[in-house]
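Remarks on the overall topology
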Amino acid sequence: MKDVSEVSNEKTRRYQRGRMTAAERREQLILIARGLFAERGFDGSSIEEVASRAEVSKPIVYEHFGGKEGLYAVVVDREVRSLLDMMTRALTAGHPRVLLEQAAFALLDYIEQNPDGFRILVRDSPVGSSSGSFVSIIGDVASRVEHILAAEFKSRGFDAKAAPMYAQMLVGMVGTTGQWWLDARKPSKEEVAAHLVNLAWHGLANLEKKPTLRGGA
């Protein structure tokens, strides 16, 4: 199966073979910018390079997006929606352990299918950006699972108010591991997900109800 980057390259070549409508030109510029941002990051990319790769003048890019920040925002928004859609479809279980498995596997699925998109998301957002960073995405995913974690806490006699914090910890661990796996790609996706769940679940299974630090801090 072709990955998203290969499909995008095919679309870009197809666009370059003929005259495009405004919608087709916009799509071409987004695909080119996506590859450039993944390769060089926001600061290392320029409107000049996007225009050059699209074989158009700079004013055409500005006409569609207003500038590099606007173009970046469109690219990031697409990736955010793609990742969250995959996560939302995956998170269907009621049991916390299966939910954690689904979250881990969904993120690794996204990385495998959209490596360029994930590289864009894990880079720092430009100054002034209020959304689109990987941290904000992880926070959104965590908010979707914390109510299930809260229910599990209540059933075990734990303080349910701590559930949002634990949701951030668990989802953040999966996200950080995903960043490492983006380049390592070993072991397999299934094995990485299994080890993630192993660490998180067996840690949860033996939680102390009122944890304290033992080093005197």
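Every residue gets a number counted from 1 within its own chain, in the order that chain's sequence is written. Reporting in this predicted model follows two pLDDT cut-offs: at least 70 for local features of residues, and 80 or more for side-chain atom pairs to be given and counted; totals over whole chains, interfaces and linings ignore these cut-offs and use all residues. Computation of side-chain values: all heavy atoms of the structure, hydrogens and water removed.

Per an unreviewed UniProt entry, the protein chain goes by the name TetR/AcrR family transcriptional regulator and belongs to Nocardioides iriomotensis.

Concerning empty space enclosed by the protein
Here a cavity denotes a set of grid points, spaced 1 Å apart and computed over the protein atoms alone, in which a 1.4 Å probe fits but from which it cannot get out, and a pocket denotes an open set meeting protein on both sides within 12 Å along at least five of seven lines; residues with an atom within 4 Å of a point are reported as lining. Grid points are joined across faces, edges and corners, and a volume is the space filled by probe spheres set on the points. The full count for this structure, using the stated rule, is three cavities of 30 Å³ or more. Approximately 140 Å³ is the volume found for the largest cavity. Taken together, 13 residues form the lining of the largest cavity, with Pro96, Leu99, Leu100, Val145 and Leu170 sitting closest to its centre. Residue assignment for the lining of the largest cavity shows that the elements contributing at least two residues are α6 (96-113), α8 (134-156), α9 (163-184) and α10 (189-205). Under the grouping applied here, Gly and all other residues not named as nonpolar or charged are polar, the nonpolar ones being Ala, Val, Leu, Ile, Met, Phe, Trp, Tyr, Cys and Pro and the charged ones Asp, Glu, Lys and Arg. The class makeup of the residues in the lining of the largest cavity is 13 nonpolar, no polar and no charged. In this structure, the second largest cavity encloses a volume near 70 Å³. Taken together, Pro96, Leu149, Glu152, Phe153, Arg156, Phe158, Trp201, Leu204 and Leu207 make up the full set of residues lining the second largest cavity. Only α8 and α10 provide two or more residues apiece to the lining of the second largest cavity. Helix and strand assignments come from DSSP, with helices taken as H or I runs of at least 4 residues and strands as E runs of at least 2, each series counted from the N terminus. Sorting elements by how many residues they give to the lining of the second largest cavity places α8 first, with four residues. Classifying every residue of the lining of the second largest cavity by side-chain character gives seven nonpolar, no polar and two charged.

Description of the packing of helix α3 (residues 47-54) against helix α4 (residues 58-65)
Between α3 and α4, the shortest axis-to-axis distance is 8 Å and the interhelical angle comes to 110°. Classed by the angle they form, the pair α3 and α4 counts as roughly perpendicular. Two secondary-structure elements touch here, α3 through Ile47, Glu48, Val50 and Ala51 and α4 through Lys58, Val61 and Tyr62. Its residues placed into classes, the contact of α3 with α4 shows five nonpolar, no polar and two charged. Geometry is summarised by axes, namely lines fitted to C-alpha atoms with helices restricted to the contacting stretch, and by angles between N-to-C directions that run from 0 to 180 degrees. Orientation is classified from the angle alone, with under 35 degrees giving roughly parallel, over 145 giving roughly antiparallel, 65 to 115 giving roughly perpendicular, and any other angle giving oblique. Any two residues having at least one pair of non-hydrogen atoms within 4.5 Å are treated as being in contact.

A closer look at the environment of Ser57
Mapped onto the secondary structure, Ser57 falls in the loop between α3 and α4. For every residue, the accessible area obtained with a 1.4 Å probe (protein chains only) is divided by the maximum for its type, and the residue is called buried under 20%, exposed over 50%, and partly exposed between those limits. Ser57 gets classed as partly exposed once you look at its relative accessible area, which sits at 37%.

Things to note about the environment of Phe105
Along the chain, the position of Phe105 falls in helix α6. In this structure the C-alpha to C-alpha distance between Phe105 and Ala193, which are 88 residues apart in sequence, comes to 5.9 Å. Every residue in contact with Phe105, bar those within four places of it in the chain, is listed here: Lys189, Glu190 and Ala193.

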